Amino acid sequence: MTVHDALFACLGLISAASAICAVATRQIVHAALWLTVCLATLSGCYLVLGAELVALVQLLVYVGAVVVLVLFAVMLTRAPIGRSGDHDAPIMTRMAALVIAAATGGLLFSAFVSAFGTRRARIDSGTTTDLAQNLFGRFAWPFEVVSLVLLSALVGALAMIGSRRSGGGR
C-alpha cells in the first residue's frame, strides 16, 4: 500500500462519513455544512488520483456555488434552522429508507463487481484540449440547462419570499 492509496482511503472514509452525517442530521444548516465537507474531501480524492482540473471544478462549482445556493435558499425562505416536529419522519419510515438504501448500495456493488471483477482498468487521462473540446462542444448545452435550473430555483425562492411578505402565502 502506497502513500497515495492510504491518503485516498482516508479521504474516501471522511467523504463517506460526512455524506452519511449530511443525510442523517435533522438540522438543515448542519446538513449543508456536512455536504461541504463531503464535497471538499471528494475534491481531495480527485487530487490524489491526479485529476487536478476536476478537483478545482469540484471546489468551485459544487462547494463554491451549490452549497452557497442551498444556504442562500435556506436564509431566504426562512426555513426552520433547528429541529422541527413537522419534518420528523416516524421510525418505521426511517428504517424502510435504510433498508432501501442498503439494498440499492448492495445492488450497485454487485453490478460493479460482476461488470469489472478484479481486473484493473487502464485510464486514458487525455489532454486539456480534449477536455475543452468536450466541455465547450458536446457538453455546453447540458451545462447551460443546469445553470437555468439553478437560476429558476433561486427565482422561485425569491418569489416565495415576495408572496409571504405581501400576504399571499401562509
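Residues numbered from 1 in each chain as written. Predicted model: local features only at pLDDT ≥ 70, side-chain atom pairs only at ≥ 80, totals over all residues. Heavy atoms only, no water.

Moving on, we come to the overall build of the protein chain. Regarding its fold elements, the protein chain presents six helices and zero strands. Reading the protein chain from its N end, one meets helices and strands in the order α-α-α-α-α-α. Burial analysis of the protein chain (170 residues in total) assigns 14% to the buried set. Of all intrachain contacts in the protein chain linking residues separated by at least 6 positions in sequence, the fraction that spans at least 24 positions is 62%. (Helix = DSSP H or I, 4+ residues; strand = E, 2+ residues; numbered from the N terminus. Buried < 20%, exposed > 50% of the residue type's maximum accessible area, 1.4 Å probe, protein only. Contact = heavy atoms within 4.5 Å.)

With 26 residues, helix 4 (residues 91-116) ought to run about 38 Å at 1.5 Å a step, and its terminal C-alpha atoms sit 37 Å apart, in line with that. Two residues or fewer past helix 4, Gly 117 is found with a positive phi of approximately 65°. (Expected span 1.5 Å × (residues − 1).)

In this section: the packing of helix 1 (residues 3-24) against helix 2 (residues 28-49). It is the contact of helix 1 with helix 2, at a shortest axis distance of 8 Å, that shows an interaxial angle of 160°. Taken together, helix 1 and helix 2 sit at an angle that is classed as roughly antiparallel. When the axes of helix 1 and helix 2 are compared, the crossing they make is left-handed. Each of His 4, Leu 7, Phe 8, Leu 11, Gly 12, Ile 14, Ser 15, Ser 18, Ala 19, Cys 21 and Ala 22 in helix 1 lies in contact with helix 2, whose residues at this interface are Ala 31, Trp 34, Leu 35, Val 37, Cys 38, Thr 41, Leu 42, Gly 44, Cys 45, Val 48 and Leu 49. (Axes fitted to C-alpha atoms, helices over the stretch in contact; angles between N-to-C directions. Parallel < 35°, antiparallel > 145°, perpendicular 65-115°, else oblique. Left-handed = near helix turned anticlockwise from the far one by under 90°.)

Glancing now at the side chain of Gln 58. Among the secondary structure elements, Gln 58 is positioned in helix 3 (residues 52-77). Other than its neighbours up to four places away in sequence, Gln 58 contacts Leu 39, Leu 42, Ser 43, Tyr 46 and Val 63.

Glancing now at the side chain of Ser 18. With respect to the secondary-structure elements, Ser 18 resides in helix 1. At 3.0 Å, the side chain of Ser 18 forms a polar contact with the backbone oxygen of Ser 15. (Polar contact = N/O pair within 3.5 Å; in protein donor to acceptor, adjacent residues only side chain to side chain.)

With that settled, the discussion passes to the environment of Thr 41. In this fold, Thr 41 is placed in helix 2. A relative accessible area of 12% places Thr 41 in the buried class. Excluding anything up to four places from it in sequence, Thr 41 contacts Leu 11, Ile 14, Ser 15 and Ser 18. A polar side-chain atom of Thr 41 sits 3.0 Å from the main-chain carbonyl oxygen of Cys 38.

A word on a nonpolar patch on the surface. A cluster of nonpolar residues, Leu 53, Leu 56, Val 57, Leu 60, Val 61, Tyr 62 and Leu 131, forms a patch on the protein surface that exposes about 600 Å² of accessible area. Its location among the elements puts Leu 131 in helix 5 (residues 128-138). (Patch = residues over 30% accessible without salt bridge, like charges linked within 9 Å, V, L, I, M, F, W, Y side chains within 5 Å. Areas by Shrake-Rupley, 256 points an atom, 1.4 Å probe, with all protein chains shown as cover. Salt bridge = Lys/Arg side-chain N within 4 Å of Asp/Glu carboxyl O.)

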